[in-house]
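# Results of the structural survey
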Amino acid sequence: MPKTEFWQGNVALAQGALAAGCRFFGGYPITPSSEIAETMSKELPKRDGRFIQMEDEIASIAATIGASLTGKKSLTATSGPGFSLKQENLGLAYQAEVPIVVVDVMRGGPSTGLPTKISQQDVMQARWGTHGDHATIALCPSSVQECYELAIDAFNLAERFRQPVIILSDEVLGHMRERVIVPESDSIALVDRKKPEVSPSDFVPYKADPKDDIPAMAGFGDGYRWHVTGLTHNEWGFPTNKAPEIEQKMLRVMRKVERFRDDIIKYDTESIEDAEVIVLGYGSVARTGLSAVREARAAGHKVGYFRPVTLWPFPDKELQAQLDTAKTVIVPELNCGQMVHEVERASCGRVEVVQQTLVNGELFKPSEILEKIKEVV
Amino acid sequence: MPRPEVMDWLRTRFFPHIWCPGCGHGIIMHAILRSLVDTGKKPEETVIASGIGCSSRMPGYIDACTVHTTHGRSLAFATGIKLANPELTIVDVMGDGDCSAIGGNHFIHAARRNIDITAVIMNNNIYGMTGGQSSPTTPIGAKASTAPYGAIEPNFNLCELAAGAGASYVARSTVAQPNICEKYIKKGIENKGFSVVEIMTFCHTQFGRRNKIPKPVDNINRLRDKSVPKAKAEKMAAEELQDKIVTGEFVEKDTPEFVAEYEQLIERVRG
Ligand SMILES: Cc1ncc(C[n+]2csc(CCOP(=O)(O)OP(=O)(O)O)c2C)c(N)n1
Ligand code: SF4
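The following refers to the structure shown.

Definitions and limits used
Residues numbered from 1 in each chain as written. Chains lettered and ligands numbered in written order. Predicted model: local features only at pLDDT ≥ 70, side-chain atom pairs only at ≥ 80, totals over all residues. Heavy atoms only, no water. Buried < 20%, exposed > 50% of the residue type's maximum accessible area, 1.4 Å probe, protein only. Helix = DSSP H or I, 4+ residues; strand = E, 2+ residues; numbered from the N terminus. Pairing = 2+ DSSP bridges. Salt bridge = Lys/Arg side-chain N within 4 Å of Asp/Glu carboxyl O. Near = heavy atom within 4 Å. Nonpolar A, V, L, I, M, F, W, Y, C, P; charged D, E, K, R; others polar. Polar contact = N/O pair within 3.5 Å; in protein donor to acceptor, adjacent residues only side chain to side chain. Contact = heavy atoms within 4.5 Å. Areas by Shrake-Rupley, 256 points an atom, 1.4 Å probe, with all protein chains shown as cover.

### Here's the deal with the pairing of strand 15 (residues 303-308) of chain A
Residue and element names in this part refer to chain A. Burial runs high along strand 15: 6 of the 6 residues are buried. Here strand 15 shows no split at all, with Val303, Tyr305 and Arg307 on one side and Gly304, Phe306 and Pro308 on the other all buried. Where strand 13 (residues 267-270) meets strand 15, 4 bridges bridge the pair, whose relative direction is antiparallel. Counterpart to Tyr267 in the pairing with strand 15 is Pro308. Relative to strand 15, strand 14 (residues 277-280) runs parallel, the two sharing 4 bridges. Across the sheet, the residue bridging to Val277 is Val303, located in strand 15.

Next comes the structure, spelled out in structure tokens:
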């Protein structure tokens, strides 16, 4: 029997991670994410898992990557300033292809900004925060139920694609309490990283299977010897300066995500088939957007709703497919313009893209989005 | 030539290594490998972690579970590895810059937790890899590419720092005494807690060239001549010790180790 819980978003996220098999958490307190660490500190020892509060966020993600190298599903959680600190080691996890999940509960920025207020100002930090090219996978919940469910998805994707997966939650979602339906644990589909099927002497640590471009991963302590580095490396994991080897590595790690983008991308729509105006919102904003869309429909306007659940890779094909009837896409965002540019790119000039911005630490009211809809219809 | 029993621990397929001919880092690698062999460790249950620097390239050449992390952060990675799999033996190799400048915070916290990791610091008093900039251990007056008029900053005493922060084994030797290095590293590996073995080495290309000691052999002799065993140093005046390297074991104590404490916590919670 599924259970019903009344959880805060941050607690649901931690519970989802545990249900996904997460057995290691490395963190450093920061509002509005701390309840994730607090929940993990309480729950992990009960499951023979390990929790550690490190000396800072740099150390937290480092410990999280280290734990994953031993085969444990590992999580770290933070908010804006901490997410900035994690970026260098996040890059190492992309380069060394180490699965981890990183949660950023977005608050107002830049800098210390607004610790207790919502924003969506880290969307591009999630995409491009670390230096160098890499294929980002970032998921964005809109409800407490989704905090739970996307935590499971994030671990499954991290394990499957052998790379970091980011969850972009936000302050409102993190602290809001809602009903969560918790499925029975044996009904949850879990993915584990591919383990090598060859003997230790035949193990070539970064030799990818051409079927999916993903190399099998041995855990430290599993009887294999191998080298992990943040330097660009060849199939042996050893640093290389050879142009063909560099290119092979770079293109493979981009391709392993691009090839399977259809499996990764999730989105949600309502009343979109004949919509002339589409409201595209994500995270907490999507909920306000949806109620505005419903009100506009009730008033007889042809308005639809599109919500990317996967922010990266951006669901461009999926959005494009909705643009036959639409003339305008409104993008309400709690920043001065981040995802709106992605929408412009994806829509290829076929529609007018209207930016709606709010950066005062508050959420949009449905009436504000409704007003914008009325302006454009 | 390496001792034959360490050959199984070398990734000879990845040679030649990147170190300058004569660099002190090779002597330290050999001492680490001998210590691992002598303590009966298995390569597939041993992790060698490092940060970034010439010294930190060492894990690439050791055929174990090896991880070359980001500059200064290796102890944080190693902490996650050890806590997640306490069965593993962990040796964390660091340069002086890696350990005490960018990595200073992780260093003191690893010592405070007394986590069962052996930190081997290869102190050449300079940033070798990036071209001879000054480090927190560059002696006052010595020249570096970012201290063209001589360094003016006081130095860290890394052993005192480790002892003050809570490490349960702390020792210092020099590459002029490789057998003593080996003995200390071995004791570090056997100590259940955070062990710090500082090994004074040299970078003849970056430090030596700028400070009129460009030949490896002169650097080794200099390290030998400047070392003073702890017992002797205790009877010497502060002024006499100014330019000297005090060698020996400074801390050997039995204090609670972090991972073991966590395992007990799990037992308590799970009943
Ligand atoms: C975040 C970051 N800052 C700076 C560097 C550049 N860097 C590479 S190695 C190094 C210094 C290494 O010196 P040390 O740790 O003393 O080791 P050595 O090369 O002397 O063995 C620096 C500053 C880097 N790689 N990453
Ligand atoms: S630059 Fe200095 S530390 Fe680096 S390999 Fe050469 S001698 Fe050794």
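### Details of the pattern of salt bridges
Per the counting criterion, the structure on display carries 46 salt bridges over all chains. The closest approach of N and O atoms between Arg172 of chain B and Glu198 of chain B, which form a salt bridge, is 2.7 Å. Taken together, the residues Arg172 of chain B in strand 5 (residues 169-174) and Glu198 of chain B in strand 6 (residues 195-200) connect sequence positions 26 residues apart. When its relative accessible area of 9% is taken as the criterion, Arg172 of chain B is described as buried. A salt bridge links Lys187 of chain B to Glu249 of chain B; the shortest N-O distance between them is 2.7 Å. Here Glu249 of chain B lies in strand 8 (residues 245-252) and Lys187 of chain B lies in helix 7 (residues 178-190), a separation of 62 residues in the sequence. Salt bridges sharing common partners tie together Arg261, Asp262, Asp316, Lys317, Glu318, Glu342 and Arg345 of chain A.

### Regarding the site of ligand 2
Residues and elements named next belong to chain B. Taken together, the residues surrounding ligand 2 are Trp19, Cys20, Cys23, His25, Cys54, Asn124, Gly128, Cys203, His204, Thr205 and Gln206. Looking at the shell around ligand 2, the element that brings in the most residues is helix 8 (residues 204-210), giving 3 residues. Here the shell around ligand 2 is composed, by residue class, of 5 nonpolar, 6 polar and no charged.

### What about the side chain of Lys82 of chain B?
Residue and element names in this part refer to chain B. On the secondary structure map, Lys82 appears in helix 3 (residues 74-84). The exposure class of Lys82 is buried, given its relative accessible area of 4%. Side-chain polar atoms of Lys82 contact the backbone oxygen of Pro86, separated by 2.9 Å. What Lys82 contacts, discounting residues up to four positions off in sequence, is Leu88, Ile90, Ile115, Asp116, Ile117 and Val259.

### Topic: the site of ligand 1
Taken together, 18 residues surround ligand 1, and among them Cys54, Ser55, Gly97, Asp98 and Gly128 of chain B come closest. Chains contributing residues to the immediate surroundings of ligand 1 are chains A and B. Note that an oxygen atom of ligand 1 is positioned 2.7 Å from one of the side-chain N or O atoms of Ser55 of chain B. One nitrogen or oxygen atom from the side chain of Asp96 of chain B is found 3.1 Å from an oxygen atom belonging to ligand 1. Look at ligand 1: alone it shows 600 Å² of surface, and the protein chains cover 77% of it. Among the elements that line the shell around ligand 1, the one with the most residues is helix 4 (residues 96-102) of chain B, at 4 residues. The residue inventory of the shell around ligand 1, partitioned by class, reads 6 nonpolar, 9 polar and 3 charged.

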